[in-house]
Amino acid sequence: MGTFTGSFKGFGVTFAHMFRKVITTDYPFTPPTPAPRYHGRHILNRHPDGLEKCIGCELCAWACPADAIYVEGANNTDEERYSPGERYAGIYQINYARCIFCGLCIEACPTRSLTMSNEYELARDSRQDLIFTKKELLAPLLPGMEQPPHPMRLGETDKDYYIGALTNPGTSVGAERAPWSETGTEDAATAADTDARPETAGTLRRPGQSTKEAV
Amino acid sequence: MTDVAKKTDTVTLTIDGIEVVAEKGELVIRVAERMGIAIPRFCDHPLLAPAGACRQCLVDIEGQRKPVASCTQTVAEGMVVKTQLTSPVAAKAQGGVMELLLANHPLDCPTCDKGGECPLQNQAMTNGRSDSRFKEHKREYEKPIHISSQVLLDRERCILCQRCTRFSEEIAGDKFIDLMDRSSGEQINVYRDDFFGGTGTGDGQAGEGEGDIPFNSYFSGNTIQICPVGALTGEQYRFRARPFDLVSTPTACEHCAAGCSMRADHRRGKVLRRLAGDDPAVNEEWNCDKGRWGFQYQVANDRITAPLLRDAKTGELREVSWSEALLAAAEGLKAAKGAGVGVLTGGRLTVEDAYAYAKFARVALGTNDIDFRSRPLSAEEADFLASSVAGVTDVTYEDVENAPSAVIVGLEPEEECPILFLRLRKGHSRKKLQVTAVAPFLSRGFEKLGAALVKAVPGDEARLLADDPAIAAALATPGALLFVGERLATVPGGLSAAAALAARTGARLAWVPRRAGDRGAIDAGCLPNLLPGGRPVTDPAARAEISLAWKVETGAVPGTTGRDTDAIVAAAAAGQLGGLLVAGVDPGDLADPRLAEQALDQAGFVVSLELRHSAVTRRADVVFPVAPAAEKSGTYLDWEGRLRSFGTVLPTTAMTDGRVLEAVAALMDVTLGTGDVMTIRRELGAMPVSKATRPSAPSVAPATRSETGAHEAVLASWHHLIDQGSLLDGDAVLAGTARPPVARIGKDLAEALGVVDGDAVTVGTDRGAITLPAEVTDLAPRVVWLPTNSPGSTLRRSLGVTAGAVVRLSAGRPGPVLASSEVSA
């Protein structure tokens, strides 16, 4: 007898859950939105004219407790310029098999070149693919930006870039914020139209899988 | 160290409340350092004279009105010193100085190469204020400027400590870099025209104005190393790495016979930079630019990575497995053994590898036809090496510094052994050394040594050594030294005369070769007349000692003197040799490169152990890749005979010569036991000192002077330090610091030819001609000097002669006759 009522008790718990709020996420069709300051994959930002902010100083690699970052500096020339000033990162790699997303690299970066996005879809099917290079890490070009190498457009020297950056907080737009947002305040992960999100190696979406209705 | 052992007066003083005894005349900063009290400093360097330029080392001394710079203050009896650790006055003074130094120092540490190993960065953190009260705009200069093709100067970062200028003036003697301008515009620079209102673009780059003088010093790299900020940086290492990602390994330099201790920094399987190591007995804290920057050859594109075998069908080399190549080499050498195999080892081997060749030649090939000398040589030299060099360690760097007098023959120390030059210069400028040069002219190096010149026509040195009263007088003082270079081998009777002179005057004799492996090869037995340990091959007792050590039958080691390099080449060219075993030898270095290449073509079977493709590998039947110095451990013997052991910098799979030879020998049914360096070292270490009597010095009579006709001159020549040597390949930046090749002629020839400085002069022989701009020099009469192996002046290949030969001389470019002879050649 006791067994009989006991099983009803159990079914009751299950039945009651049917009327509760659903906490299961419909991943990957509806990716969850992380907190605004969630530590996701890194971004190498650009100056407003498209030049790289990274100067290849290796301070991020120095700060990295997991030894996940590898940088090799190189010499800018007047003919081939990637960043303002003398030095740029010839090679920049972050190994996401090692990265622990602690953000110490972000704190170390003297030019605010390295920041973190909210992107968390970083699983790959080979170790090699987990090593992100400049190709994957560099922020997408915004309107008005030009693919380096090109000469400095915003001033005579690198100092003009850094002094100007104080009054020009939008220079890293497109990195932390969704580039398609008009106000520039919308987070990439909560963009209205997920189809419009730039397709990177980490965000391969199935065609026609719009998630508008789900949101 | 006699300096330390010398009894000196001492004083007692107190530093930070601790009583300490110091030598009279010692500097306060040095005494504090000895006690373990670190006083911050920038301009102070133990090997340079005190300057008191940066003022960072201020300390409080009781009784002094103001803080005193401890790097210039000598100790005194009863002195009471308080450093920043115990005196707020000293701490505040140091903080203030640091604030002033940083007033104009840019905050570009992230782009600066020095970041992470910067004394200014470190001491600003330990002894500086946390913020600056200077809010003004910092001083700005055009940056960086090239003061030579290799050295870059960022004047913004400079704190005017003058370490670089003091090094250049006191140590190297190349006063090209100095303070310029006055007051707040005071800066370090090289001489530039536009600076003084002349030509030039005015953007600060040296070398664009007509009269610009770049930082033209063989020792310029040292200024980069001692710069306490990032003001001087090197093009080669610029932006390449940070100290934290470099792995540092102590090593030894593989270039010349100076034996510098070095530090090699590598990252990701690649050596990125090399620094001078600190070895007070040898190189102190310095090295030359060749040793510092000449290592790109290891990563050259033409490195051989797999064994190569000449395909019987196509006649081309193809990559094969190790076992196939080893078997082919063993069978080929076995077959060639009957007709004789010559072994040419070159001067680039470590002692261990040279020993492996020496043992392989005797045990596996049964021959004494082995010679390390890949340069013009003589039979007299081999006898001299056996009698006066093998196993002799009479002269050390310390002796050089303290000698009263030194005579130098057949050697230009700055070009051929730069650290010996620095030591000679130290003896000359700080002690009492008088240098006498027996040379055709007073070169820049000899000028910096304040040398007295005994003018010698090449070939005439033997007679001068025997007769010249000035040389005999210079060597008469007790402790005098006689330096002979490897070039004296080409002077008939030269080495005999030198040995006789040393015996007569009591002066100590030192033989200075040019390559790092030369001295070691002698003691390892890579000579036709010497077995390992300086044992003469003709001495049965010596052969018995070696047979016992090698555990072979007494008769197995051949007892007749073998062929030397020239004889091996001649025999092979005539088709009399069954085969050749060649290590790192460039035929272009031999007395007659064309004959050498012919020898390689004619020899029945050629095995080459090489690092990179060369004129030898192109003609070889089997080629084995071997490890460069950075990828193996080993030992060099420097000119003193001092062991310079080093460990592996980059662990790779590359094999040492000894290991390859052991594998080949095993397939020839011989156990060589040279498979790894430690085994060889044990074997060499266990070998007893030879009881064989040392052969007597050669006594070859001097040759009569060669007569020169009209439009003829005697050729003089030596190598520039930075030239076309194969270990300097692939480094355009370093090549840019080479001295420009010129043909030096005396006033007599200049007048006869009607040329002035800069006019083209053609030096020709029957084989070819070399045209270079003339530089009228105070030369011995009827002598022309050319660099041996510099761009546009490959003496042995183009002319087929060496120093002492008579050459034709004409003004301008070669005429049709010479041109046609060049073509037909």
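A quick note: this is a predicted structure, and the numbers were derived from the prediction, not measured. (Residues numbered from 1 in each chain as written. Chains lettered and ligands numbered in written order. Predicted model: local features only at pLDDT ≥ 70, side-chain atom pairs only at ≥ 80, totals over all residues. Heavy atoms only, no water.)

So what's going on with the overall build of chain A? Residues and values would help.
When helices and strands are counted, chain A shows 5 helices and 5 strands. Starting at the N terminus, the α and β elements of chain A follow one another as α-β-α-β-β-α-β-β-α-α. For chain A, the proportion of its 215 residues judged to be buried stands at 40%. Relative to all contacts within chain A whose residues are 6 or more apart in sequence, the contacts with residues 24 or more apart total 71%. Split by element, the accessible area of chain A, about 12600 Å² in all, is 57% carbon and sulfur. (Helix = DSSP H or I, 4+ residues; strand = E, 2+ residues; numbered from the N terminus. Buried < 20%, exposed > 50% of the residue type's maximum accessible area, 1.4 Å probe, protein only. Contact = heavy atoms within 4.5 Å. Areas by Shrake-Rupley, 256 points an atom, 1.4 Å probe, with all protein chains shown as cover.)

Go over the sheet that holds strand E21 (residues 481-485) of chain B with me, naming the residues and quoting the values.
Where strands meet in a sheet, backbone hydrogen bonds hold them as pairs that are either parallel or antiparallel. Residue and element names in this part refer to chain B. Here 5 strands make up an open sheet; going across it, the order is E20-E19-E18-E21-E22 and the pairing parallel. At either margin of the open sheet sits one strand with a lone partner, and together these are strand E20 (452-455) and strand E22 (508-512). Between one strand axis and the next, the sheet turns by 20° as a mean value, whatever way the strands run. The sheet contact formed by strand E18 (residues 405-409) and strand E19 (residues 434-439) spans 5 bridges and is parallel. Residue Val407 lies in a different strand from E19, and its bridge partner there is Thr436. Where helix H10 (residues 379-389) meets the sheet, it contacts E21 and E22, and its direction lies at approximately 130° from that of E22. Packing against the sheet, helix H17 (residues 494-505) makes contact with E21 and E22, and its axis sits at approximately 170° to E21. (Pairing = 2+ DSSP bridges. Axes fitted to C-alpha atoms, helices over the stretch in contact; angles between N-to-C directions.)

Now, about helix H16 (residues 469-476) of chain B: what can you tell me, with residues and values included?
Residues and elements named next belong to chain B. Those residues of H16 that fall on the buried side of the exposure criterion are Ile471, Ala474 and Leu475. Along H16, the residues classed as buried sweep out an arc of 90° about the axis, all on the same side. Across H16 from its buried face, at more than 90 degrees, point the exposed residues Pro469, Ala473 and Ala476. For H16, the secondary structure elements touched by its buried residues are E18, E19, E20, helix H15 (461-467), E21 and H17. The N-cap residue of H16 is Asp468: its side-chain oxygen and the backbone nitrogen of Ala470 are 3.0 Å apart. (Arc of directions from axis to C-beta. Polar contact = N/O pair within 3.5 Å; in protein donor to acceptor, adjacent residues only side chain to side chain.)

Please provide a residue-by-residue account of the pairing of strand E32 (residues 760-764) of chain B, values included.
Residue and element names in this part refer to chain B. Counting buried residues in E32 gives 4 out of 5 residues, a clear majority hidden from the surface. By the bridge criterion, 5 bridges tie E32 to strand E33 (residues 769-776) in an arrangement that is antiparallel. Looking across to E33, one finds that Ala760 is bridged to Pro773. Counting the residues between successive antiparallel strands, the hairpin from E32 to E33 contains 4 residues.

Provide a residue-level description of the packing of helix H20 (residues 565-573) of chain B against helix H21 (residues 593-602) of chain B, including the pertinent values.
For any two helices packed against each other, the geometry comes down to the angle between their axes and how far apart the axes lie. All names here are of chain B. Here H20 crosses H21 at 55°, and the two axes come no closer than 7 Å. Here H20 is positioned oblique relative to H21, judged by the angle of their axes. For the crossing formed where H20 meets H21, the hand is left-handed. Each of Val569, Ala570, Ala572 and Ala573 in H20 lies in contact with H21, whose residues at this interface are Leu595, Ala596, Gln598, Ala599 and Gln602. (Parallel < 35°, antiparallel > 145°, perpendicular 65-115°, else oblique. Left-handed = near helix turned anticlockwise from the far one by under 90°.)

Which residues make up helix H22 (residues 657-667) of chain B, and what values do they have?
Residues and elements named next belong to chain B. By the burial criterion, the buried members of H22 are Asp657, Gly658, Val660, Leu661, Val664 and Ala665. All buried residues of H22 lie within an arc of 160° about the axis, which places them on one face of the element. At its buried positions, H22 is contacted by helix H8 (322-336), helix H9 (351-364), strand E25 (579-582), strand E26 (605-610) and strand E27 (622-625). Once H22 finishes, Asp669 follows within two positions and takes phi at roughly 65°, a positive value.

If you had to explain the pairing of E26(B) to someone new, which residues and values would you point to?
All names here are of chain B. Buried residues dominate E26, accounting for 6 of its 6 residues. Of the two faces of E26, both are covered, the one formed by Phe605, Val607 and Leu609 as well as the one formed by Val606, Ser608 and Glu610. Here 4 bridges tie E25 to E26, and the two strands are oriented parallel to one another. What sits directly across from Val582, in E26, is Ser608. In this region the chain leaves E25, passes through H21 and returns to the parallel neighbour E26; the handedness of that crossover is right-handed. (Right-handed = clockwise from strand over helix to strand, strands pointing away.)

Give me the lowdown on the environment of B:Glu486, citing residues and values where you can.
In this structure, B:Glu486 sits in the loop between E21 and H17. Of note is the side chain of B:Glu486, whose polar atom sits 3.1 Å from the backbone nitrogen of B:Arg514.

Account for the side chain of B:Glu414, naming residues and giving values.
Residues and elements named next belong to chain B. Assignment of secondary structure puts Glu414 in helix H12 (residues 413-416). Engagement of the side chain of Glu414 in a polar contact is seen with the backbone nitrogen of Gly445, the distance being 3.5 Å. A distance of 2.6 Å separates the side chain of Glu414 from the side chain of Lys448, its partner in a polar contact. Not counting the four nearest positions on each side in its chain, Glu414 is found in contact with Asp174, Tyr218, Phe219, Phe421, Arg444, Gly445, Lys448, Leu721 and Arg739.

Run through the environment of B:Ala276, naming residues and quoting values.
All names here are of chain B. Relative to the helices and strands, Ala276 resides in strand E13 (residues 270-276). In the structure, Ala276 is positioned 444 residues away from His720 in sequence and 21 Å away in space, judged by C-alpha atoms. Those residues in contact with Ala276, other than ones at most four positions away along the chain, are Asn222, Gln225, Ser261, Met262, Glu285, Trp286, Asn287 and Arg292.

Give me the lowdown on unusual backbone geometry, citing residues and values where you can.
Along the chain, A:Tyr27 connects to A:Pro28 via a cis peptide bond; the corresponding omega equals 5°. Along the chain, the position of A:Pro28 falls in the loop between helix H1 (2-17) and strand E1 (42-44). The omega torsion across B:Lys143 and B:Pro144 is -20°, close enough to zero to call that bond cis. Topologically, B:Pro144 is positioned in the loop between helix H4 (119-127) and strand E6 (145-146). Of note in the backbone geometry, B:Asp181 takes a positive phi value of approximately 65° without being a glycine. Within the secondary structure, B:Asp181 sits in the loop between strand E8 (177-180) and strand E9 (187-190).

Explain the nonpolar core to me, using residue names and the numbers behind them.
Residue and element names in this part refer to chain B. Membership of the largest hydrophobic core comes to 98 residues, with the highest contact counts inside it found for Ile147, Leu232, Leu420, Leu424, Phe483 and Trp639. If one sorts the elements of this core by residue count, helix H13 (residues 418-430) sits on top with 5 residues. Formed by 83 residues, the second largest nonpolar core is a distinct cluster that contains Tyr357, Leu501, Leu530 and Ile546. (Core = buried A, V, L, I, M, F, W, Y, C linked by side-chain atoms within 4.5 Å.)

Outline the interface of chain A and chain B, listing residues and values.
Contacts between chain A and chain B engage 17 residues on the former and 21 residues on the latter. Between chain A and chain B, a total of about 1500 Å² is buried, with carbon and sulfur atoms accounting for 53% of that surface. Inspection of the region where chain A meets chain B yields 4 salt bridges. Linking chain A with chain B are 7 residue pairs in polar contact (both at pLDDT 80 or more), by the criterion used here. Put simply, the parts of the chain that give the side of chain A that touches chain B at least two residues each are helix H2 (59-63), strand E2 (69-75) and strand E3 (87-95) of chain A. Considering each element in turn, the side of chain A that touches chain B owes the most residues, 6 residues, to E2(A). Here the residues of the side of chain A that touches chain B are counted per class, giving 9 nonpolar, 3 polar and 5 charged. (Buried area = accessible area lost by both parts, 1.4 Å probe. Salt bridge = Lys/Arg side-chain N within 4 Å of Asp/Glu carboxyl O. Nonpolar A, V, L, I, M, F, W, Y, C, P; charged D, E, K, R; others polar.)

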